[in-house]
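Residues per chain, in single letters:
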Amino acid sequence: SIIDGNIVRINIPSMDEAKRKQMVKLARDKCEKGKISIREARRKANESLKQHKADGDVTEDAFKASEKKVQDLTDRYCKLCDKAVSSKEEEVLAI
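Residues numbered from 1 in each chain as written. Predicted model: local features only at pLDDT ≥ 70, side-chain atom pairs only at ≥ 80, totals over all residues. Heavy atoms only, no water.

Trainee: It is not clear to me how the overall build of the protein chain should be interpreted in this structure. Could you clarify?
Mentor: Counting secondary structure elements, the protein chain contains two helices and two strands. The linear arrangement of helices and strands in the protein chain, starting from the amino end, is β-β-α-α. In terms of overall size, the protein chain is more extended than a compact globule, its C-alpha atoms giving a radius of gyration of 22 Å where 95 residues would be expected to give roughly 12 Å. The proportion of buried residues among the 95 residues of the protein chain is 15%. Only carbon and sulfur atoms are counted for the fraction: they give 54% of the accessible area of the protein chain, which is about 7,700 Å². (Helix = DSSP H or I, 4+ residues; strand = E, 2+ residues; numbered from the N terminus. Rg over C-alpha atoms; globule rule 2.2 N^0.38 Å. Buried < 20%, exposed > 50% of the residue type's maximum accessible area, 1.4 Å probe, protein only. Areas by Shrake-Rupley, 256 points an atom, 1.4 Å probe, with all protein chains shown as cover.)

Trainee: Help me understand the state of the cysteines in this model?
Mentor: Any covalent bond linking the sulfur atoms of two cysteines counts as a disulfide. This structure, assessed with the given rule, holds zero disulfides. Cysteine Cys81 is unpaired, with the sulfur of Cys31 as its nearest cysteine sulfur at 4.6 Å. (Disulfide = S-S within 2.5 Å.)

Trainee: Looking at this structure, how should I read the nonpolar core?
Mentor: The tendency in soluble globular proteins is for nonpolar side chains to be buried side by side. Listed in full, the five residues of the largest apolar core are Cys31, Ile38, Cys78, Cys81 and Val85. Of all the secondary structure elements, the ones that give two or more residues to this core are α1 (17-55) and α2 (60-93). Considering each element in turn, this core owes the most residues, three residues, to α2. The residues touching Cys78, leaving out its near neighbours within four places in the chain, are Lys35 and Ile38. (Core = buried A, V, L, I, M, F, W, Y, C linked by side-chain atoms within 4.5 Å. Contact = heavy atoms within 4.5 Å.)

Trainee: Would you mind going over the pattern of salt bridges with me for this structure?
Mentor: Scanning the model with the defined rule gives eight salt bridges in all. Here Lys35 makes a salt bridge to Asp82, at a shortest N to O gap of 2.9 Å. With a gap of 47 residues between them, Lys35 in helix α1 and Asp82 in helix α2 connect regions that are remote in the sequence. A salt bridge links Glu40 to Arg43; the nearest nitrogen and oxygen atoms lie 2.4 Å apart. One end of the pair, Glu40, and the other, Arg43, are both in helix α1, three residues apart, so they sit about a helical turn from each other. Relative accessible area serves as the criterion here: at 32%, Glu40 is assigned to the partly exposed category. (Salt bridge = Lys/Arg side-chain N within 4 Å of Asp/Glu carboxyl O.)

Trainee: Looking at this model, I keep getting lost on α2. Mind explaining?
Mentor: Since the α-helix packs 3.6 residues into each turn, any two residues three or four apart lie on the same face. Over its 34 residues, α2 runs 49 Å from end to end, which matches the ideal 50 Å to within 8%, given 1.5 Å per residue. Three or more residues of α2 are buried, namely Phe63, Val70, Thr74, Cys78, Cys81, Val85 and Val92. As for α2, its buried residues are in contact with α1. (Expected span 1.5 Å × (residues − 1).)

Below is the structure:
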């Protein structure tokens, strides 16, 4: 490390191939956990919708529309997770 006035500079070596692959694996694991959380939120939302439908608070049409919207949001955010991981994977594996 180098001390330059009020700044401390630390040399960090670049990652080797094994470390890069480990980082990509970690990113994929985080993405999968995120997608599991997204699907769990979908499950809870659908259960809530079904309960409202059973109670008569929601019409069949509103139920179907809401169910489709929940699925669309789930798909959208799962794709965003995948896209973020792909982007990060390219960035990490680039030498």
